[in-house]
Amino acid sequence: MTSPVVGVLALQGDVREHLVALATADAVARPVRRPEELAEVDGIVLPGGESTTISKLAVLFGLMEPLRARVREGMPVYGTCAGMILLADKILDPRSGQETVGGIDMIVRRNAFGRQNESFEAAVDVRGVEGDPVEGVFIRAPWVESVGARAEVLAEYDGHIVAVRQENALATSFHPELTGDHRMHALFVDMVRAKLMAGSL
């Protein structure tokens, strides 16, 4: 099978690192800034950054509604840190004007692990990722307060949910793109491949 085309929402945040990680995981990785670029990808990563800024820019660039529509239609999507907040159906403490793409039945608390100077790294056991624990980089990271019946908890850290999957949507509190370990990206690329194969049957 040819490599899936996976976009990275390139409005703000650590876009380049995700592009590198996706390419390492055998995807064709492309930045996405416009609706026509979104239409050409098989899946998309919503990167870390500032969730309120990303949501406002997505509206400004005409991407919010097309993103919501494609996620509702089942396009695979992976959100890291701020991207996790964007995928939440509900934010516990939203900023003024903040919107979400939605897609995962979860309630997320912004900046739950603390401020920038309280960032840390930790080993995280993630269900579905074989081998050693994933090295998680937590930077002003959210956590998941609760999930609905359709969402599957993949990992917890210090008693808090930090990785969730619901059908074709994946979200982590931490930044796997900032380490040399690209297994989370490989897991997501496999999700994109599975969706493409199911669509071709």
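These numbers were taken from a predicted model, which means no experiment stands behind them.

**As for the pairing of strand 4 (residues 77-80)**
Regular strands place side chains that alternate from one sheet face to the opposite one. Here strand 4 shows a buried face lined by Val77 and Gly79 and a second buried face lined by Tyr78 and Thr80. By the bridge criterion, three bridges tie strand 3 (residues 43-46) to strand 4 in an arrangement that is parallel. Counterpart to valine 45 in the pairing with strand 4 is tyrosine 78. In this sheet, strand 12 (residues 169-172) lies alongside strand 4 in parallel orientation, the contact comprising four bridges. Note on strand 12: the bridge partner recorded for tyrosine 78 is leucine 170.

**As for unusual backbone geometry**
Even without being a glycine, arginine 140 presents a positive backbone phi close to 45 degrees. Of note, arginine 140 is situated in the loop between strand 8 (134-138) and strand 9 (143-147). For arginine 140, a relative accessible area of 29% gives the class partly exposed.

**So, the nonpolar core**
By size, the foremost hydrophobic cluster in this structure holds 34 residues, and its most contacted members are Leu9, Leu38, Ile44, Leu46, Leu67, Ile104 and Met106. Per-element accounting of this core gives the leading share, five residues, to helix 5 (residues 82-87). Excluding its chain neighbours within four sequence positions, the residues that come into contact with leucine 9 are Val15, Val32, Ile44, Val45, Leu46, Pro47, Ile54, Leu63 and Leu67. Core analysis: the second largest hydrophobic core is formed by 32 residues, Val6, Val45, Ala112 and Val162 among them.

**Examining the pattern of salt bridges**
Where charged atoms from two side chains of opposite charge come close, those side chains can pair. Taken as a whole, this structure holds 11 salt bridges when the rule is applied. Between arginine 110 and glutamate 50 there is a salt bridge, and its shortest N-O distance comes to 3.9 Å. Highlighted residues: arginine 110 in the loop between strand 6 (104-109) and strand 7 (120-124) and glutamate 50 in the loop between strand 3 and helix 3 (51-60), separated in sequence by 60 residues. There is no split in this pair, since arginine 110 and glutamate 50 are both buried. Notably, a salt bridge pairs aspartate 190 with arginine 193, separated by 3.1 Å at the nearest N-O pair. Pair noted here: aspartate 190 and arginine 193 are both in helix 6 (residues 183-200), with a separation of three residues, about one helical turn. By relative accessible area, which is 45% here, aspartate 190 ends up partly exposed. Linked through salt bridges whose partners overlap, the residues forming this network are Arg34, Glu36 and Glu37.

Reading the values: the criteria
- Residues numbered from 1 in each chain as written.
- Predicted model: local features only at pLDDT ≥ 70, side-chain atom pairs only at ≥ 80, totals over all residues.
- Heavy atoms only, no water.
- Buried < 20%, exposed > 50% of the residue type's maximum accessible area, 1.4 Å probe, protein only.
- Helix = DSSP H or I, 4+ residues; strand = E, 2+ residues; numbered from the N terminus.
- Pairing = 2+ DSSP bridges.
- Core = buried A, V, L, I, M, F, W, Y, C linked by side-chain atoms within 4.5 Å.
- Contact = heavy atoms within 4.5 Å.
- Salt bridge = Lys/Arg side-chain N within 4 Å of Asp/Glu carboxyl O.

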